[in-house]
Amino acid sequence: MVTSRLSLKLSGPLLRWYDTARRDLPWRTSDGSPPPAYHVLVSEAMLQQTQVATVIPYFHRFISSFPTIHALAGADEQDVLRLWQGLGYYSRARNLRNTAIVICEVYGGVVPRDVSALLTLPGVGRYTAGAIASLAYDVPAPIVDGNVIRVLCRLEAITDDPKERETVQRLWDIAAQVVPKKRAGDFNSAMMELGATVCTPRNPSCLICPVRGICRAFETQQQQTIPKPKVTRVTPIVERWVMCIRRADGAWLVERRPLKGRWAGLWQFVTFDARPSNFPTDAITVRHALTHRRYVFNAAVFDVSDASLPEPRHGITREWKTPDQMQAVAFSRPHLIIRNRLID
Ligand code: SF4
């Protein structure tokens, strides 16, 4: 069996390395014991598509506002979104709150430890279920994320495209075989930590790697070409025109986006797809990149008498809000930047 070698030889050196090299992160405990499942749930939701360093202050603020799963389940959605403001991918925040509600209503406020139960929760997929079960409860459940994919591909010298369905399934199978019965949570954390700090996408630090001796990519000097580098695609640029409209009493006209789609339910200044005829040439620009497109937001301040507005598109509602009222609701990240640059 291709992975019996790894099953026997990987966990020992990896866990010894992890015991000395593990980073101190707010969702980990200082003594190495399993963290509260609620903290794992929150941190895993935040860490999807987001760097550790970005998540740390958000995690602190979130946990101090909603210290328990009951507090999160009872929170207003706008308060949850406001604390998520700037992290992006807001469906994660909505799913997290909905998950807290389900856990309180169905599981008495205790995060389930069983992977199949976890998979029924809103927004919880195979990776998150495995992470919660293993990190919080030490259940020997596998996890496969970007870091684990890279480490496993290199350890086994897998040259197939790790995005292909069969390769993904193969990696899950390997991960299931190598996760040990004891210290499963530490093992999974160690795999991710190794990928994040040693077995990095470019120029991995093989000379200090604790598992160099069993790494086939290192043995064959393929560590720079495995996994197959991603083909970089040119992403289209999309322009938007943002009118920050101010009334004489200091209130601003803002819009709430439809409850479905990108930035669902978040607030923004009045925004158009096409340049309004009265738009000035000295607008500020805010750039915002998503996976499949790059946005350029052109924004300018208008007094209400300058602004002649077409009706908002379907599903968008408009309101006048004072600066204090704007602070109390969640804006999408580009509009938060505009708010900070033009108004605060
Ligand atoms: Fe990654 Fe190099 Fe370690 Fe292999 S030896 S797992 S390529 S860091």
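Residues numbered from 1 in each chain as written. Predicted model: local features only at pLDDT ≥ 70, side-chain atom pairs only at ≥ 80, totals over all residues. Heavy atoms only, no water.

Description of the site of the ligand
Within the structure, the ligand sits among Arg154, Cys199, Pro204, Cys206, Cys209, Arg212, Cys215, Phe218 and Gln223. Across the shell around the ligand, the residue classes tally to six nonpolar, one polar and two charged. (Near = heavy atom within 4 Å. Nonpolar A, V, L, I, M, F, W, Y, C, P; charged D, E, K, R; others polar.)

Comments concerning the confidence of the model for the protein
In low-pLDDT segments, the atomic positions of the prediction should not be examined closely. Chain-level statistics for the protein give a pLDDT mean of 92 and a share of 98% at 70 or above. Confidence, expressed as mean pLDDT per element, reaches its minimum in the protein at helix H1 (residues 4-9) with 86 and its maximum at helix H5 (residues 69-73) with 98. (pLDDT = per-residue confidence, 0-100. Helix = DSSP H or I, 4+ residues; strand = E, 2+ residues; numbered from the N terminus.)

Describing the nonpolar core
Ranked by internal contacts, the top residues of the largest apolar core, which has 62 residues, are Met46, Phe62, Trp84 and Phe269. The element that contributes the greatest number of residues to this core is helix H3 (residues 37-47), accounting for eight residues. When residues are assigned to domains, this core turns out to be shared by domain 1 (4-219) and domain 2 (237-342), each giving three or more. Apart from residues lying up to four places away in sequence, Met46 is in contact with Val55, Tyr58, Phe59, Phe62, Trp84, Leu87 and Arg92. Core analysis: the next-biggest nonpolar cluster, separate from the first, contains 36 residues, Leu6, Tyr127, Val148 and Ala217 among them. (Core = buried A, V, L, I, M, F, W, Y, C linked by side-chain atoms within 4.5 Å. Buried < 20%, exposed > 50% of the residue type's maximum accessible area, 1.4 Å probe, protein only. Domains from an automatic or database assignment. Contact = heavy atoms within 4.5 Å.)

A few points about the packing of helix H10 (residues 146-156) against helix H12 (residues 184-197)
Where H10 meets H12, the axes come as close as 8 Å, and the angle between the chain directions of the two elements is 85 degrees. One way to sum up the angle between H10 and H12 is to call them roughly perpendicular. On H12, the residues that touch Asn147, Val148, Arg150, Val151 and Leu152 of H10 are Met191, Met192, Leu194, Gly195 and Ala196. A class-by-class count of the residues in the contact of H10 with H12 yields seven nonpolar, two polar and one charged. (Axes fitted to C-alpha atoms, helices over the stretch in contact; angles between N-to-C directions. Parallel < 35°, antiparallel > 145°, perpendicular 65-115°, else oblique.)

A few points about the domain arrangement of the protein
Examined at the domain level, the protein breaks down into domain 1 (4-219) and domain 2 (237-342). Tallying the contact residues gives nine residues for domain 1 and 16 residues for domain 2. Both faces considered, domain 1 and domain 2 share a buried interface measuring about 940 Å² in area, 46% of it formed by carbon and sulfur atoms. The largest per-residue losses of area from domain 1 upon contact with domain 2 belong to Gln78, Gln85 and Tyr90, which jointly make up 52% of the total buried on that side. The interface formed by domain 1 and domain 2 holds zero salt bridges in total. Here domain 1 and domain 2 share six residue pairs in polar contact (both at pLDDT 80 or more) between them. With four residues, the top contributor of residues to the side of domain 1 that touches domain 2 is helix H6 (residues 77-84). Grouping the amino acids of the side of domain 1 that touches domain 2 by side-chain chemistry returns three nonpolar, three polar and three charged. (Buried area = accessible area lost by both parts, 1.4 Å probe. Salt bridge = Lys/Arg side-chain N within 4 Å of Asp/Glu carboxyl O. Polar contact = N/O pair within 3.5 Å; in protein donor to acceptor, adjacent residues only side chain to side chain.)

Let's talk about the environment of Cys209
Positionally, Cys209 belongs in the loop between H12 and helix H13 (216-219). Taking the C-alpha atoms as reference, Cys209 lies 21 Å from Thr159; in sequence the two are 50 residues apart.

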